[in-house]
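Structural description and commentary
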Amino acid sequence: MSVTDLTSMAEAQKQDRLEIDQRLQKLRLEASERCYQCGKCTSGCEAHKLLELEPHRIVALLKGGLISEMTASDLIWTCVSCFKCMERCPQKVAPVNILFALKNLSVMNGKDVPGNYTAMLQSAMSMGLIQDLQEVVDRAGAVRTRDSLGLPPVSKPVDMEKFATAIMGTAVEKV
Ligand code: SF4
Ligand code: SF4
């Protein structure tokens, strides 16, 4: 499965607009009932460390009904889907699921998926990693590989087709 397929999936998903709206309303209700804005999700967020994503604010904006503002923003695409916000939340809120729904709605609204995101997705679906293995330069200027650093080889999916299907299935289920 390729990113081109993702684009055509987005087209097909237009029929599911009602389902996504219902999903967001359900998430909004859950967030309103449970989230007390403790910020624990944001303090562990991988995208918050380097970018400006603040999952607790995403939850607050959803509670306030600012859905169209969020779907128009590139910020929602900075989420790397690590699920830490869901794991850390003491109230069983899942900001990551809100972000999945917002991303799907954004595509349905005709917004282009940012290039970095499609490149990452294409890489994951073609080799099982969001980017290829990198070499690093140490303080002495020597180029080091995982091997030379004594690190174990990175495991990759054995069945890429199955892996890609699982990724796409997850994305759809999270809607
Ligand atoms: S960790 Fe949970 S309760 Fe705390 S701000 Fe995030 S979503 Fe809300
Ligand atoms: S899933 Fe997204 S929002 Fe949640 S912690 Fe990871 S990067 Fe942050």
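Residues numbered from 1 in each chain as written. Chains lettered and ligands numbered in written order. Predicted model: local features only at pLDDT ≥ 70, side-chain atom pairs only at ≥ 80, totals over all residues. Heavy atoms only, no water.

Here's the deal with the overall build of the protein
- Within the protein one finds 10 helices and 2 strands.
- Counted from the first residue to the last, the protein has its helices and strands arranged as α-α-α-α-α-α-α-α-α-β-β-α.
- Expressed as a percentage of its 175 residues, the buried residues of the protein come to 32%.
- Relative to all contacts within the protein whose residues are 6 or more apart in sequence, the contacts with residues 24 or more apart total 68%. (Helix = DSSP H or I, 4+ residues; strand = E, 2+ residues; numbered from the N terminus. Buried < 20%, exposed > 50% of the residue type's maximum accessible area, 1.4 Å probe, protein only. Contact = heavy atoms within 4.5 Å.)

Notes on the site of ligand 2
- As a matter of local geometry, ligand 2 sits amid 13 residues, with Cys-45, Cys-79, Cys-82, Phe-83 and Cys-85 nearest to it.
- Counting atoms within 2 Å of the grid points, the majority share of ligand 2 lands in the second largest cavity.
- Among the secondary structure elements, those contributing two or more residues to the shell around ligand 2 are helix 7 (84-88) and helix 8 (95-108). (Near = heavy atom within 4 Å. 1 Å grid on protein atoms, 1.4 Å probe; cavity = no way out; pocket = protein on both sides within 12 Å on 5 of 7 lines; lining within 4 Å. Sits in = over half its atoms within 2 Å of the grid points.)

Examining the nonpolar core
- By size, the foremost hydrophobic cluster in this structure holds 31 residues, and its most contacted members are Leu-24, Leu-53, Ile-58, Leu-62, Ile-76, Ile-98 and Leu-102.
- At the level of elements, helix 2 (17-34), helix 5 (55-63), helix 6 (67-71) and helix 8 are the ones that each hand at least two residues to this core.
- Filtering out sequence-adjacent residues up to four positions away, Leu-102 remains in contact with Leu-24, Ile-58, Ile-67, Met-70, Thr-71 and Ile-76. (Core = buried A, V, L, I, M, F, W, Y, C linked by side-chain atoms within 4.5 Å.)

Here we look at empty space enclosed by the protein
- Inspection of the entire model under this criterion finds 2 cavities of 30 Å³ or more.
- Each pocket or cavity is described by its volume, and for the largest cavity that value is around 100 Å³.
- Lining the largest cavity are 15 residues, and of these Cys-35, Cys-38, Cys-41, Cys-89 and Pro-90 sit closest to its centre.
- Among the elements of the structure, helix 3 (40-43) and helix 5 are those that each provide at least two residues to the lining of the largest cavity.
- Looking at the lining of the largest cavity residue by residue, the class counts come to 9 nonpolar, 4 polar and 2 charged. (Points joined across faces, edges and corners; volume = space filled by probe spheres on them. Nonpolar A, V, L, I, M, F, W, Y, C, P; charged D, E, K, R; others polar.)

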